[in-house]
Amino acid sequence: MAHELPPGIQDVFGRVLANLRISVTDRCNLRCHYCMPEREYEWLPKADRLTFEELERLVARMAPLGVRNLRITGGEPLLRRELAQLIARLARIPGIEDIALTTNGILLADQAEALWQAGLSRLTISLDTLRPDRFRKLTGQDRLSATLAGLEAAQSAGFAPIKLNMVVCRGSNDDEVESLLEFALEAGHELRFIEYMDVGGALDWRQEQVLSKGEILERIAHRFGTPEPAPTPPSAPAQRFQLPGGGRFGVIASTTAPFCGTCTRARLTADGWLYACLYATQGLDLRKHLRDGATDEQLTELLTAGWTSRRDRGAEERLAQPAREASVDREELRRDPHLEMHTKGG
Ligand code: SAM
Ligand code: SF4
Ligand code: SF4
C-alpha cells in the first residue's frame, strides 16, 4: 500500500529517491556501436550475480526509502533466465507501483506473454533503424526481423502504449528520424529520440555525431508541423511533445540539455553495486554486505547514508567540459567494467 509508506529520502540537493534501475545481466546479444563497440569484454563473474532472493531483499529495503518504480535493464535483460519469475516477485513487494523493462526485443517474441502475466507494467524496445542492412551494420547482427517480431508479440500480449527508444547518431541513422516517427505513430507506439551520450562504453563518441534535441525537433517540424510541448512528469527523462495532426513523441536530451536537477534514479548492477548516477565512478558494494550477513537495519542504514550524501549530476558536469570526448578510456573500462553502460544499466 503505497500511501502508507513515507515519501522518499532526499539527497543533498533535495532530490528524492523514487526510481531504481536494475541491471539483471551485463551480457548482450547485440553490439550496438554507441554502447559496445569493442570486440572483447570483461564479463562479471556469474557467481557474483545477485540471485532473485537477494534482489527481492534489496528492493524490499529500498521501497520504504522511497523507491516506487523499477526498470529492469542490462545488458540485454531477456538473457537472464526465468526473468518473468523475478518480475512476479518484485511486483509483490509493498510500495512497488510500476515495473518497466528496456530490451532490444530480440528474445521478446517468446517471453512477452509471460512477462505480461508476471505483472510487468510497461515495455520499452530499442529500435534505431527500420532498414535490415543498417541494423546489421549498427548492431553486428542481422536481427531486425526478430526485434519487430518481439514488438508485435508485446502488442498482442497487451502492452500499450509501447515505448520505442531511438538513439540518433548523425551520419549513422539520423536520416530515419522522420520514418521511425511515422512507423511509431501508425502503430500507436510512443517513440523517444535519445541524444547520443558520451557515457561509459561509448568509446567512439564525438560531439559532431550528436543530433541535438533542437535539430531533431526542427526535422520533425519540417515534416509533421511544429510540435508543441505536452505534459511531462517532472522527473521523467523524456520531454514529451504533441504533433498538430495528433500523436505524441519524446526527446531525451541528456547530452545537450541534461535533467540532473530532477533525477530520482539509482542504479543497481547485476553483481550488486549501487550507483547514484550513470556517470558515477564510485558505487556501493551491496553484494558484499548481503553476503557478509548484513541485517535489514544495516542495509537500510547503508542505503540511507548513500542516498542522503548524493551530489551526482554527471551529465551536467559533462556539459560544462570545454572539449568533450568519450567520458572514460579503454584502459579504465578494462580495469573497471562497472563503468560500462551495459553493466550499469541504461
Ligand atoms: N539492451 C537493452 C536495450 O538496448 O534496450 C537494455 C540496455 S541499453 C544499455 C538501454 C538503453 O540505453 C537503450 O535504449 C540504448 O539505446 C541506450 N543507450 C546505450 N548506449 C547509449 C549511448 N551511448 N547514448 C544514448 N543512449 C544509449
Ligand atoms: Fe545495444 Fe542494449 Fe546491448 Fe547496449 S545493452 S549493445 S544498447 S542492445
Ligand atoms: Fe541522473 Fe546522473 Fe543522468 Fe544526471 S547524469 S540525470 S544525475 S543519472
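Here is a short report on the structure shown in this document. (Residues numbered from 1 in each chain as written. Chains lettered and ligands numbered in written order. Predicted model: local features only at pLDDT ≥ 70, side-chain atom pairs only at ≥ 80, totals over all residues. Heavy atoms only, no water.)

1. Overview of the environment of phenylalanine 13
At step 1: Locating phenylalanine 13 in the fold gives a position in the segment before strand S1 (19-23).
At step 2: Assessed through its relative accessible area of 45%, phenylalanine 13 is described here as partly exposed.
At step 3: Sequence-wise, phenylalanine 13 and histidine 342 are 329 residues apart; in three dimensions their C-alpha atoms are separated by 28 Å.
At step 4: Excluding residues within four positions of it along the chain, phenylalanine 13 makes contact with Arg310, Arg311 and Arg313. (Helix = DSSP H or I, 4+ residues; strand = E, 2+ residues; numbered from the N terminus. Buried < 20%, exposed > 50% of the residue type's maximum accessible area, 1.4 Å probe, protein only. Contact = heavy atoms within 4.5 Å.)

2. Some points on the packing of helix H2 (residues 83-91) against helix H3 (residues 108-118)
Between two packed helices, the angle of one axis relative to the other and the distance separating the axes together describe the packing.
At step 1: It is at 8 Å that the axes of H2 and H3 come closest, and there the two elements cross at 15 degrees. By the criterion of interaxial angle, the relationship of H2 to H3 is roughly parallel. By crossing handedness, the relation of H2 to H3 is classed as right-handed. Across the interface between the two elements, Leu83, Ala84, Ile87, Ala88 and Ala91 from H2 touch Ala114, Leu115 and Ala118 from H3. (Axes fitted to C-alpha atoms, helices over the stretch in contact; angles between N-to-C directions. Parallel < 35°, antiparallel > 145°, perpendicular 65-115°, else oblique. Left-handed = near helix turned anticlockwise from the far one by under 90°.)

3. A closer look at the site of ligand 1
At step 1: Looking at ligand 1, there are 19 residues lining it, with Tyr34, Gly75, Ser126, Asn165 and Met197 nearest.
At step 2: Separating an oxygen atom of ligand 1 from a side-chain N or O atom of serine 126 is a distance of 2.6 Å.
At step 3: The backbone of methionine 197 places a nitrogen or oxygen atom 2.9 Å from a nitrogen atom of ligand 1.
At step 4: Expressed as a share of its isolated accessible area of 540 Å², the protein-covered part of ligand 1 is 95%.
At step 5: Of all the cavities here, the one that holds ligand 1 is the largest cavity.
At step 6: When contributions to the shell around ligand 1 are tallied by element, the ones reaching two or more residues are strand S3 (98-103), strand S5 (163-168) and strand S6 (190-195).
At step 7: Of the residues contributing to the shell around ligand 1, the split by class is eight nonpolar, nine polar and two charged. (Near = heavy atom within 4 Å. Polar contact = N/O pair within 3.5 Å; in protein donor to acceptor, adjacent residues only side chain to side chain. Areas by Shrake-Rupley, 256 points an atom, 1.4 Å probe, with all protein chains shown as cover. 1 Å grid on protein atoms, 1.4 Å probe; cavity = no way out; pocket = protein on both sides within 12 Å on 5 of 7 lines; lining within 4 Å. Sits in = over half its atoms within 2 Å of the grid points. Nonpolar A, V, L, I, M, F, W, Y, C, P; charged D, E, K, R; others polar.)

4. Some words on the site of ligand 3
At step 1: Taken together, 13 residues form the shell around ligand 3, and within it Cys260, Cys263, Cys277, Leu278 and Ala315 come nearest.
At step 2: Of all the secondary structure elements, the ones that give two or more residues to the shell around ligand 3 are strand S10 (265-268) and helix H10 (314-319).
At step 3: Across the shell around ligand 3, the residue classes break down as seven nonpolar, one polar and five charged.

5. Re the sheet that holds strand S12 (residues 284-285)
At step 1: Spatial strand order, S7-S8-S9-S6-S5-S4-S3-S2-S1-S10-S11-S12: twelve strands in an open sheet with mixed pairing. Each edge of the sheet is formed by a strand with only one pairing partner; in this case those strands are strand S7 (228-229) and S12.
At step 2: Where strand S11 (residues 273-275) lies against S12, two bridges are found, and the strand directions are antiparallel. Following the sheet pairing, leucine 274 is matched in S12 by leucine 284.
At step 3: Docked against the sheet, helix H7 (residues 213-224) engages S5, S6, strand S8 (239-242) and strand S9 (248-252), running at close to 155 degrees with respect to S9. (Pairing = 2+ DSSP bridges.)

6. Overview of the pairing of S6
At step 1: Of all six residues in S6, six are buried, a share of seventy percent or more.
At step 2: The side-chain alternation of S6 yields two buried faces, one formed by Glu190, Arg192 and Ile194 and the other by Leu191, Phe193 and Glu195.
At step 3: As paired strands, S5 and S6 are joined by six bridges and run parallel to one another. The residue bridging valine 168 from the neighbouring strand is glutamate 195, located in S6.
At step 4: With respect to chirality, the unit in which S5 leads through helix H6 (residues 177-187) into the neighbouring parallel S6 is right-handed. (Right-handed = clockwise from strand over helix to strand, strands pointing away.)

7. Description of empty space enclosed by the protein
In this approach the atoms are scanned with a rolling probe the size of a water molecule, which exposes any empty space left behind.
At step 1: Taken as a whole and assessed by the stated rule, the structure comprises four cavities of 30 Å³ or more.
At step 2: Considering only enclosed or pocket space, the largest cavity measures out at about 920 Å³ in volume.
At step 3: Lining the largest cavity are 49 residues, and of these Arg21, Ile194, Leu278, Met341 and Gly346 sit closest to its centre.
At step 4: Broken down by secondary-structure element, the contributors of at least two residues to the lining of the largest cavity are strand S2 (69-73), S3, S5, S6, S10, H10 and helix H12 (341-344).
At step 5: Sort the elements by how many residues they give to the lining of the largest cavity and S6 lands first, with three residues.
At step 6: For the lining of the largest cavity, a count of residues per class yields 24 nonpolar, 13 polar and twelve charged. (Points joined across faces, edges and corners; volume = space filled by probe spheres on them.)

8. Observations regarding the pattern of salt bridges
At step 1: What the rule picks out here adds up to 26 salt bridges.
At step 2: Between arginine 134 and glutamate 176 there is a salt bridge; the shortest N-O distance is 2.8 Å. Within this pair, whereas arginine 134 is found in helix H4 (residues 132-139), its partner glutamate 176 is found in the loop between S5 and H6, the two being separated by 42 residues in sequence.
At step 3: Of the residues examined, glutamate 176 reaches a relative accessible area of 4% and is grouped as buried.
At step 4: One salt-bridge network, held together by shared partners, links Arg131, Asp133, Arg134, Asp175 and Glu176. (Salt bridge = Lys/Arg side-chain N within 4 Å of Asp/Glu carboxyl O.)

9. Quick notes on the nonpolar core
At step 1: Membership of the largest hydrophobic core comes to 88 residues, with the highest contact counts inside it found for Leu20, Leu115 and Phe193.
At step 2: Filtering out sequence-adjacent residues up to four positions away, leucine 20 remains in contact with Val59, Met62, Val67, Asn69, Leu70, Arg71, Ala266, Arg267, Leu268 and Leu274.
At step 3: Counting nine residues, the second-largest nonpolar core is a separate cluster that includes Cys277, Leu278, Tyr279 and Ala315. (Core = buried A, V, L, I, M, F, W, Y, C linked by side-chain atoms within 4.5 Å.)

Purely geometric stuff here, so don't read any function into it on its own.
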